[in-house]
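Topology and contacts: notes
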Amino acid sequence: DWNAEHIVEELIENVRAQVGEQGRVLLGISGGVDSSTLALLLARAVGERLTAVFIDHGLLRLGERAEVEQALRGAGVNVVTVDAQDAFLGALAGVSDPEQKRKIIGREFIRAFERETAKLGDFEFLAQGTLYPDVIESAGGHGDKSGAANIKSHHNVGGLPDDVQFKLVEPFRTLFKDEVREIARLLGLPDHIRMRHPFPGPGLAIRCLGEVTEAKLDILRRVDDVFISGLREFGLYDGCSQALAVLTPIQSVGVMGDERTYSYTAALRAVTTDDFMTAEWARLPYEFLATMSNRIVNQVHEINRVVYDITGKPPATIEWE
Ligand code: XMP
């Protein structure tokens, strides 16, 4: 019988036993449920001896950084945010190949993390939010959540850094996602983070098709915010496994008032899935889609056309890159 309260106490005890009275623990946080929950657990276990490093790569969603910082700091987590937007966007300038984008982002993550942690002093321990399915997968030889190791080289914030000088602290190694969510509830993680859809490590970079620029990211952030807030407002968010907006490089002709426009097309995607290896497109109500389309073209002037992705996985993937 799985008793979450009992498990939380046991996990805290185990961390204390591993880390001891003096050990300092470093954790990279992404804003996702696993690393956020781990931050709360570790703060309970070792308090100030935990440093949670949050790398702002400039590829986060609207308001996301403040949301994550508030939720964790409010729970007593020592969060250090690293402003690395310039490094990431600089390294991504002129690059439009999806795999290349992922590689650059992975490399910049490690650089930013190492640069920052060098300033923070010595850490004996590195914590990671590894879950049981990750353990099984890496034992099977694929480090890829989608099961499509050869299709996309997934870069994950949790995979940082590949360094033997740390002792690993991985309290969730025996747990499934649902169990982590239950633990998160007991530790008081706000629901909007606890029940969040997955968000890829490379962030909005792989939803901003082709070259990533600050201007495009700014458009995409506003489209995404309308869509995701809309899903929540209409009570549809929890029924989707993942939902996202994509900024396509397609520009097309439209009309606004008496004016001809020539602007971008945004794509909306929502899927249902059990394992993210296959997925169906979510049958969102037409009325909802109509409302989203109106809101997006009214609020985001750089967009004059909105499409909804009606492709399953396979043959499409969930992300567009
Ligand atoms: P795809 O697009 O391959 O995505 O159907 C399956 C799931 O994996 C997520 N995803 C990523 N997660 N780094 C990540 O941490 C990545 O590079 C990456 N690419 C895709 C995607 O959001 C979906 O949940």
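Residues numbered from 1 in each chain as written. Predicted model: local features only at pLDDT ≥ 70, side-chain atom pairs only at ≥ 80, totals over all residues.

**Quick look at the sheet that holds strand S2 (residues 50–56)**
Strand pairing in a sheet relies on backbone hydrogen bonds, with the paired strands running either antiparallel or parallel. The strand order across the open sheet built from 5 strands is S3-S2-S1-S4-S5, with neighbouring strands paired in parallel fashion. The open sheet has two free edges, formed respectively by strand S3 (79–83) and strand S5 (167–169), since each of these has just one partner strand. Pairs of neighbouring strands in the sheet enclose a mean axial angle of 30 degrees, with direction left out of account. In terms of strand pairing, strand S4 (residues 125–127) meets S5 through 3 bridges, oriented parallel. Each bridged residue has a counterpart across the sheet, and for Ala127 the counterpart in S5 is Val169. Across the sheet, helix H2 (residues 33–46) is in contact with strand S1 (25–29), S2 and S4; its angle to S1 comes to roughly 160 degrees. (Pairing = 2+ DSSP bridges. Helix = DSSP H or I, 4+ residues; strand = E, 2+ residues; numbered from the N terminus. Axes fitted to C-alpha atoms, helices over the stretch in contact; angles between N-to-C directions. Contact = placed C-beta atoms within 7 Å.)

**Quick word on the nonpolar core**
By size, the foremost hydrophobic cluster in this structure holds 77 residues, and its most contacted members are Val25, Leu27, Ala39, Leu42 and Val223. With 9 residues, the top contributor of residues to this core is H2. Summarising the domain contributions, this core has at least three residues from each of domain 1 (4–194) and domain 2 (207–308). Ignoring anything within four residues of it in the chain, the contact list for Ala39 reads Leu27, Ile29, Ala52, Leu72 and Val77. (Core = buried A, V, L, I, M, F, W, Y, C linked by C-beta atoms within 7 Å. Buried ≥ 20, exposed ≤ 12 C-beta atoms within 10 Å, placed from the backbone. Domains from an automatic or database assignment.)

**As for the domain arrangement of the protein chain**
If you check the domain split of the protein chain, you get domain 1 (4–194) and domain 2 (207–308). Here domain 1 and domain 2 have C-alpha centroids that lie 28 Å from each other. The partner domain 2 presents 11 residues to the 12 residues of domain 1 that form the contact. When its residues are assigned to classes, the side of domain 1 that touches domain 2 shows 5 nonpolar, 4 polar and 3 charged. (Nonpolar A, V, L, I, M, F, W, Y, C, P; charged D, E, K, R; others polar.)

**What to know about the packing of H2 against helix H7 (residues 177–186)**
Running from N to C, H2 and H7 cross one another at 45 degrees; their axes reach a closest spacing of 10 Å. Judged by the inter-axis angle, H2 sits oblique to H7. For the pair H2 and H7, the crossing hand works out as left-handed. Here H2 contributes Val33, Asp34 and Thr37 to the contact with H7, which in turn contributes Val180, Arg181, Ile183 and Ala184. Its residues assigned to classes, the contact of H2 with H7 shows 4 nonpolar, 1 polar and 2 charged. (Parallel < 35°, antiparallel > 145°, perpendicular 65-115°, else oblique. Left-handed = near helix turned anticlockwise from the far one by under 90°.)

**Notes on the UniProt feature "binding site: ATP" (unreviewed entry) in the protein chain**
What UniProt calls "binding site: ATP" (unreviewed entry) maps, in this numbering, to Ser30, Gly31, Gly32, Val33, Asp34, Ser35 and Ser36. Ignoring sequence-local partners within four residues, the contact set of Gly32 consists of Arg196, Pro198 and Phe199. Within the fold, Val33 resides in helix H2. Accessibility expressed as a C-beta count within 10 Å gives 22 for Val33, which makes it buried. If we skip the residues at most four places from it in the chain, Val33 touches Val180, Arg181, Ala184, Ile193, Arg194 and Arg196. (UniProt positions renumbered as here; feature names shortened; annotations may be inferred.)

**Focus: the environment of Pro200**
Mapped onto the fold, Pro200 is located in the loop between helix H8 (191–194) and helix H9 (214–233). Taking C-alpha positions, Pro200 is 19 Å from Gly239, a pair spaced 39 residues apart along the chain. If near-sequence neighbours (up to four positions away) are discounted, Pro200 is found in contact with Ile206 and Glu319.

**Things to note about the pairing of strand S7 (residues 259–272)**
Relative to S7, strand S6 (residues 242–256) runs antiparallel, the two being bridged by 12 bridges. Paired with Ala243 across the strands is Ala270, a residue of S7. Taking the residues that link successive antiparallel strands as the turn, the S6-S7 hairpin has 2 residues, and the phi of Gly257 there is positive, at about 65 degrees. Looking at chain direction, S7 and strand S9 (residues 303–308) are connected through 5 bridges and run parallel. Across the sheet, the residue bridging to Ala266 is Val306, located in S9. Bridging between S7 and strand S8 (residues 280–281) involves 2 bridges; their strand directions are antiparallel. Along S8, the bridge assignment pairs Val271 with Trp281.

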